[in-house]
Amino acid sequence: MEKNPAGFRESQYEVEKRTRTSNATDVNKNPCIEEQNLVYGCLNDVGYKREDCQMYFTNYKHCKKFWGKVVNDRRRKGLIPHLPPSEERKKIKREIGRAHV
């Protein structure tokens, strides 16, 4: 268990929860931050009716799936970091876009 600034011990769950929350908003750790923000914006606009934002959820899901495959592929090849840096991600997206035209 870790100690927080107040000196209290945090459970492993609390540490992981804090880390997950910060990772979700860190562009270096979440390659789908733009898609995530679009989902949140849509939900906010339509009063949190998920069915009205299905297109945004689908796009976010495809993004997470794509980058998950990239991470797994890089891990298999022994490339570090497993998730490419932000600038390299832009290059990968451009290359993939050209391949599908």
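What comes next concerns the included structure. (Residues numbered from 1 in each chain as written. Predicted model: local features only at pLDDT ≥ 70, side-chain atom pairs only at ≥ 80, totals over all residues. Heavy atoms only, no water.)

**What to know about helix H3 (residues 54–77)**
And then number 1: For H3, with 24 residues, the first-to-last C-alpha span of 35 Å sits near the 34 Å given by 1.5 Å per residue.
And then number 2: Every buried residue of H3 is listed here: Phe57, Cys63, Trp67, Val70, Val71 and Arg74.
And then number 3: At its buried positions, H3 is contacted by helix H2 (33–45) and helix H4 (86–99).
And then number 4: The positive-phi residue at the C-terminal boundary of H3 is glycine 78, with phi of around 80 degrees. (Helix = DSSP H or I, 4+ residues; strand = E, 2+ residues; numbered from the N terminus. Expected span 1.5 Å × (residues − 1). Buried < 20%, exposed > 50% of the residue type's maximum accessible area, 1.4 Å probe, protein only. Contact = heavy atoms within 4.5 Å.)

**Notes on the pattern of salt bridges**
Two side chains with opposite charge may pair up if their charged atoms get near one another.
And then number 1: One pass over the structure, following the stated rule, counts five salt bridges.
And then number 2: As a salt-bridge pair, arginine 74 and glutamate 88 come within 2.9 Å of each other at their nearest N and O atoms. In this pair, arginine 74 is assigned in helix H3 and glutamate 88 in helix H4, connecting sequence segments 14 residues apart.
And then number 3: Assessed through its relative accessible area of 10%, arginine 74 is described here as buried.
And then number 4: Measuring nitrogen to oxygen at the nearest pair gives 3.5 Å for the salt bridge that ties glutamate 87 to lysine 90. Taken together, the residues glutamate 87 and lysine 90, both in helix H4 and three residues apart, mark about one turn of the helix. (Salt bridge = Lys/Arg side-chain N within 4 Å of Asp/Glu carboxyl O.)

**Some words on the nonpolar core**
And then number 1: Grouped together as the largest cluster of nonpolar side chains are seven residues: Cys32, Cys63, Trp67, Val70, Val71, Leu83 and Ile92.
And then number 2: A total of four residues in this core trace back to one element, the largest contributor, which is H3.
And then number 3: Apart from the residues lying within four places of it in its own chain, the contact partners of valine 70 are His82 and Pro84. (Core = buried A, V, L, I, M, F, W, Y, C linked by side-chain atoms within 4.5 Å.)

**Re the state of the cysteines**
Such a bond, covalent and formed between the sulfur atoms of two cysteines, is termed a disulfide.
And then number 1: Using the criterion set out here, one finds two disulfides in the structure.
And then number 2: With a sulfur-sulfur separation of 2.0 Å, cysteine 32 is cross-linked through a disulfide to cysteine 63. Taking the sign of the S-S torsion, about -95 degrees here, the bridge from cysteine 32 to cysteine 63 comes out left-handed. With cysteine 32 in the loop between helix H1 (12–24) and H2 and cysteine 63 in helix H3, this pair connects stretches of sequence that are 31 residues apart. (Disulfide = S-S within 2.5 Å.)

**A short note on the packing of H3 against H4**
Each pair of packed helices can be summarised by the angle the axes make with each other and by the distance between the axes.
And then number 1: Running from amino to carboxyl end, H3 crosses H4 at an angle of 110 degrees, the nearest separation of the two axes being 13 Å. On the basis of their axis angle, the class for H3 and H4 is roughly perpendicular. In this structure, H3 contributes Phe66, Trp67 and Arg74 to the contact, and H4 contributes Glu88, Arg89, Ile92, Lys93 and Ile96. (Axes fitted to C-alpha atoms, helices over the stretch in contact; angles between N-to-C directions. Parallel < 35°, antiparallel > 145°, perpendicular 65-115°, else oblique.)

**So, the packing of H2 against H3**
And then number 1: Contact pair H2 / H3: the axes reach a minimum separation of 9 Å and the direction vectors enclose 165 degrees. In terms of axis orientation, H2 runs roughly antiparallel to H3. Between H2 and H3 lies a crossing of left-handed hand. In this structure, H2 contributes Glu35, Gln36, Leu38, Val39, Cys42 and Leu43 to the contact, and H3 contributes Tyr56, Phe57, Asn59, Tyr60 and Cys63.
And then number 2: In the contact of H2 with H3, the residues fall into eight nonpolar, two polar and one charged. (Left-handed = near helix turned anticlockwise from the far one by under 90°. Nonpolar A, V, L, I, M, F, W, Y, C, P; charged D, E, K, R; others polar.)

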